[in-house]
Amino acid sequence: MPTNTLATLPYKLSATGQQLFIGSLAAILLLGCQPSQTGNQATDDYGFTPASTHTIDANNALLTELPFADKQDFKDAQRGFIAKMAELIVVDKQGKTIWDRSSYDFIEGDAPNSVNPSLWRQATLNNIDGLFEVTTGVYQLRGFDLANMTVIAGKTGWIVVDPLTTAETAKTAFEFLKQQLGERPISAILFTHSHMDHFGGALGLLENFSLDNSALDDSSLADIDIIAPAGFMHEATSENVMAGTAMSRRAMYMYGKQLPRSPRGHIDSGLGKEPAFGQFGILSPTTVIAQDSTQLIDGVPFEFQIVSGSEAPAEFTFYLPQQQAYCGAELVSKNMHNLYTLRGAKVRDALTWSSAIDSALNAQRDTQVYFGSHHWPIWGQDAINSFLEKQRDTYKYIHDQSVRMLNAGLTPAEIADAIEMPPELANTFASRGYYGTAKHNAKAVYQAYLGWYDANPINLDPLPAVASAAKYVKLMGGADKVIEQAKLALDAGEYRWAAELINHLVVADDGNERAKELLASSYDQLGYQAESAPWRDVYLSAAYELRHGSPEKGIDLASMKQILLRSPIENFLQSMASRVIGPEAFGEDFELNINFTDLDKNYVLTLKNAVLHHKLTPKSASANATLNISHELFIDLIIGSAGVSDLLFSDDLEIEGSKIDLASFFSKLDKPKGVFNIVTP
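Residues numbered from 1 in each chain as written. Predicted model: local features only at pLDDT ≥ 70, side-chain atom pairs only at ≥ 80, totals over all residues. Heavy atoms only, no water.

> Whenever I open this one, the overall build of the chain confuses me. Can you help?
Scanning the chain for helices and strands turns up 23 helices and 21 strands. Relative to the globule expectation of 26 Å for 681 residues, the C-alpha radius of gyration of the chain, 26 Å, shows essentially globular dimensions. Each of the three principal axes of the chain carries a C-alpha extent, and together these read 75 × 75 × 50 Å. Across the 681 residues of the chain, 58% fall into the buried class. For the chain, the accessible surface area stands at approximately 27,100 Å², while carbon and sulfur atoms represent 50% of it. Each charge class in the chain was averaged separately, 53 positive and 81 negative side chains, and the resulting centres sit 3 Å apart. (Helix = DSSP H or I, 4+ residues; strand = E, 2+ residues; numbered from the N terminus. Rg over C-alpha atoms; globule rule 2.2 N^0.38 Å. Buried < 20%, exposed > 50% of the residue type's maximum accessible area, 1.4 Å probe, protein only. Areas by Shrake-Rupley, 256 points an atom, 1.4 Å probe, with all protein chains shown as cover. Lys, Arg positive; Asp, Glu negative; His and termini not counted. Charge placed at Lys NZ, Arg CZ, Asp CG, Glu CD.)

> I keep staring at the sheet that holds strand E19 (residues 611–616) and nothing clicks. Help me out?
Strand pairing in a sheet is mediated by backbone hydrogen bonds. Such pairs are either parallel or antiparallel. Spatial ordering of the open sheet is given by E19-E18-E17-E20-E21, a layout of 5 strands whose pairing is mixed. Of all the strands in the sheet, the pair left with one neighbour each is E19 and strand E21 (653–657). Each neighbouring strand pair of the sheet contributes to a mean axis angle of 15 degrees, computed without reference to strand direction. Here strand E18 (residues 601–608) runs beside E19; their pairing, made up of 6 bridges, is antiparallel. For Leu607, the partnering residue across the bridge sits in E19 and is Leu612. Contacts between helix H23 (residues 659–667) and the sheet are confined to strand E17 (589–596), E18, E19, strand E20 (625–629) and E21, with E17 contributing the most and set at about 100 degrees to the helix. (Pairing = 2+ DSSP bridges. Axes fitted to C-alpha atoms, helices over the stretch in contact; angles between N-to-C directions. Contact = heavy atoms within 4.5 Å.)

> How do you make sense of helix H9 (residues 381–407) when you look at a structure like this?
Working note: α-helix, 3.6 residues per turn, so residues spaced by three or four point in the same direction. With 27 residues, H9 extends 39 Å between its outermost C-alpha atoms, agreeing within 8% with the 39 Å of an ideal straight helix rising 1.5 Å per residue. Phi for Gly409, located one or two positions after H9, is positive at around 95 degrees. (Expected span 1.5 Å × (residues − 1).)

> Sorry, what's going on with the pairing of strand E5 (residues 138–142) here?
Strand residues, when the strand is regular, have side chains that alternate between the two faces of the sheet. Among the 5 residues of E5, 5 are classified as buried, and the element is accordingly described as predominantly covered. Judged by which residues are buried, E5 turns out to be covered on both faces: Val138, Gln140 and Arg142 on one side and Tyr139 and Leu141 on the other are all buried. Relative to E5, strand E4 (residues 130–135) runs antiparallel, the two sharing 5 bridges. The residue bridging Leu131 from the neighbouring strand is Leu141, located in E5. Between the antiparallel neighbours E4 and E5 lie 2 residues, among them Gly137 with a positive phi of about 80 degrees. For E5 and strand E6 (residues 149–153), the ladder comprises 4 bridges, and the chain directions are antiparallel. Note on E6: the bridge partner recorded for Gln140 is Thr150.

> Explain the pairing of E4 here, please?
With 5 of its 6 residues buried, E4 lies for the most part within the structure. The pairing of strand E1 (residues 81–83) with E4 spans 2 bridges and is classified as antiparallel. Note on E4: the bridge partner recorded for Phe81 is Phe132.

> So what exactly am I meant to see when it comes to the packing of aromatic side chains here?
A ring pair, where both rings are aromatic, is described by two values, the distance of the centres and the angle of the planes. Taken as a whole and judged by the stated rule, the model has 25 aromatic pairs. Seen in terms of ring centroids, Phe81 and Phe132 are 5.6 Å apart; in terms of plane orientation they differ by 65 degrees. Their pairing is edge-to-face. Here Phe81, found in strand E1, pairs with Phe132, found in strand E4; they are 51 residues apart in sequence, far enough to count as distant. On the basis of relative accessibility, which here comes to 1%, the residue Phe132 falls in the buried class. On the basis of an interplanar angle of 55 degrees and a centroid distance of 5.0 Å, the ring pair of Phe302 and Phe318 is categorised as tilted. Taken as a pair, Phe302 in strand E12 (residues 300–306) and Phe318 in strand E13 (residues 316–320) lie far apart in primary sequence, 16 residues in all. Residue classification places Phe302 among the buried positions, given a relative accessible area of 0%. (Phe/Tyr/Trp six-rings, centres within 6.5 Å; stacked < 30°, edge-to-face > 60°.)

> I keep staring at the sheet that holds strand E16 (residues 378–379) and nothing clicks. Help me out?
Read across the sheet, 6 strands follow the order E11-E12-E13-E14-E15-E16 without closing on themselves; strand pairing throughout is mixed. Each edge of the sheet is formed by a strand with only one pairing partner; in this case those strands are strand E11 (293–297) and E16. Pairing of E12 with E13, which is carried by 4 bridges, proceeds in the antiparallel orientation. Within E13, the position partnered with Gln305 by the bridge is Thr317.

> Would you mind showing me how to read unusual backbone geometry here?
Glycine aside, residues mostly have negative phi angles, and peptide bonds mostly take the trans form. In this model, Leu164 sits at a positive phi of 65 degrees, which is unusual for a non-glycine residue. Counting through the fold element by element, Leu164 comes out in the loop between strand E7 (158–161) and helix H5 (167–181). Unlike most non-glycine residues, Ala455 shows phi in positive territory, near 80 degrees. Looking at Ala455, the relative accessible area reads 56%, which means it is exposed.

> Would you explain the side chain of Asp298 in this entry?
Within the element layout of this structure, Asp298 appears in the loop between E11 and E12. Summary of buried charges: Asp298 has no salt-bridge partner, and the nearest side chain of opposite charge, Arg184, is 5.4 Å away. At a separation of 3.0 Å, a polar atom in the side chain of Asp298 contacts the main-chain amide nitrogen of Gly157. If near-sequence neighbours (up to four positions away) are discounted, Asp298 is found in contact with Gly154, Lys155, Thr156, Gly157, Ile159 and Ser187. (Salt bridge = Lys/Arg side-chain N within 4 Å of Asp/Glu carboxyl O. Polar contact = N/O pair within 3.5 Å; in protein donor to acceptor, adjacent residues only side chain to side chain.)

> Help me out: how do you make sense of the environment of Ile107 in this one?
Examined against the element boundaries, Ile107 turns out to sit in the loop between strand E3 (97–100) and helix H4 (117–126). In the structure, Ile107 is positioned 14 residues away from Arg121 in sequence and 9.3 Å away in space, judged by C-alpha atoms. Once you skip the residues sitting within four places of it in the chain, Ile107 turns out to touch Trp120, Ala123, Thr124, Asn127, Ile267 and Lys273.

> Can you walk me through a nonpolar patch on the surface in this structure?
Together, Leu351, Tyr449 and Leu450 make up an exposed nonpolar region whose accessible area comes to about 280 Å². Take Leu351: it is sitting in helix H8 (residues 350–363). Judged by its relative accessible area of 33%, Leu351 falls in the partly exposed class. (Patch = residues over 30% accessible without salt bridge, like charges linked within 9 Å, V, L, I, M, F, W, Y side chains within 5 Å.)

> How should I be thinking about the environment of Val403 in this particular structure?
Tracing the backbone through its elements, the reader meets Val403 in helix H9. Distance from Val403 to Tyr446, taken between C-alpha atoms, is 7.1 Å for residues 43 residues apart in sequence. Setting aside residues no more than four positions away along its own chain, Val403 makes contact with Val445 and Tyr449.

See the structure below:
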């Protein structure tokens, strides 16, 4: 989820050429409760308005629709409790807080008017944190990050499963485990799948890791087996490279990064509280699980099931026969998951996902306890089978009904509005849309089969939003008329229509402060009513930025250094090709050597027909210029940690050939800042 930061200047280029060169490199990679009937009626310090009577009524209506009296999840979430940290606050090496569990202490008791009561229930459950015993020899650390860290007692040491998102949170969690259960070495680390919140904290488990020096010393790994599914390294290091800048910016909305932690702000992410943003790392697997198989890990039998292509492109689950315990990784969670995620990603296959859950259901009939990469465990064979069955049918029902309706000619928006979950699933909290939603998953199924085009010719070549918005506003009689109608829609509680209406005016004239406040007020109420945590965060992030503007910077790339060092060079060069500014490269013909001196690899880049290609090959004698650079300095340039003085006196950088041509080449590459506007043009 990281975004770009502009790096510094390479040796002996002109000032303009230096800025163009480094700017282009720097952007390659990114990243049981009820609402009360009264509440604060004032606008808060961030500009968020109170919940309207329409919102209060909508939220109260859920209380009779869902089984809030069922407290089994609360019992399960507290079962096996051993201890919790008195003050769970984690800081990075600059002293900046990257994880503060106490910021969510306001989540207790009945839901406030400004929060959907079903989402408040999920947030309350996700607030239950600490060290827990799942079953004999299996422990979980929950509430130290977005995901769980599971620790299994092996014959000689700890087997760690999914070491959280950042080195700092992983180190804090593991140190707490050792305080409670005693010192033992780590014998193995398992990455269940290729998403950052399940491997990014790996370096924090190493004995030589410190906040001041996060460099990886391979001697720390001598006795540790690193186990991951086939394809893990490729998927983990490449997922965000091509569209990383856009995905990072959108992720800020999806996870409410700028929002206050408050009843009118961010309260939860559905899967957990929120992702931590510290030092990210990765470790290369020493053992790759390529197919369903049984492995003995530090004396503990593991039965692996490959479920790649479901929730993640590289993923496994596993069964512990001695403990009769099944780890569902993120194949299943205590909420509906995403077939399409709001931060942006390739659409996931609903049928593959459902089929993988069905295989798990059929294979693990003697399971006595389920635990996952998020949320709390489930005990008892009948309860586990019921959970797996409903998770399986949730994705298949959405798939089957979406296909039925698309074959009847319904558009994605029509399918999303028409899809209705069966009562058996809708009344099950674990199938509710706290993270993914039926509406967006239905659209994802449509996209998987038919793509973006809904067959209506009006959508073949529509006017851009700014152009059409100005015409709509003029047709409606001007700004004052639009505002008048939007106010009427707001007063009637028609918030979706009010937002759609006033959005035309904001897009046509983003300097109209009355329009921006009305749109923000519409988003306030839509956010307060949302059961999906990402929907809530997206609506409220939009409202926040309409009132306060877009952020000045994204996430610091320096935190990604250890992952970037292990990412294939080809990923960066392909990303560079995707940033060629087509019209500015018309008629140009360049050839460039990028020689990684410490890797003994040279890539020849050619720019012709406004298309950039790269090839791993010896240096081309006909190249306009050659950039001799070490791999680490290349990464330092990308993340902005190498300054002018570093380059002037560095033996790791040398330029041969035409520096003017080199500067001209890099001037043809776009330099995205990663903080583009979303709710305004």
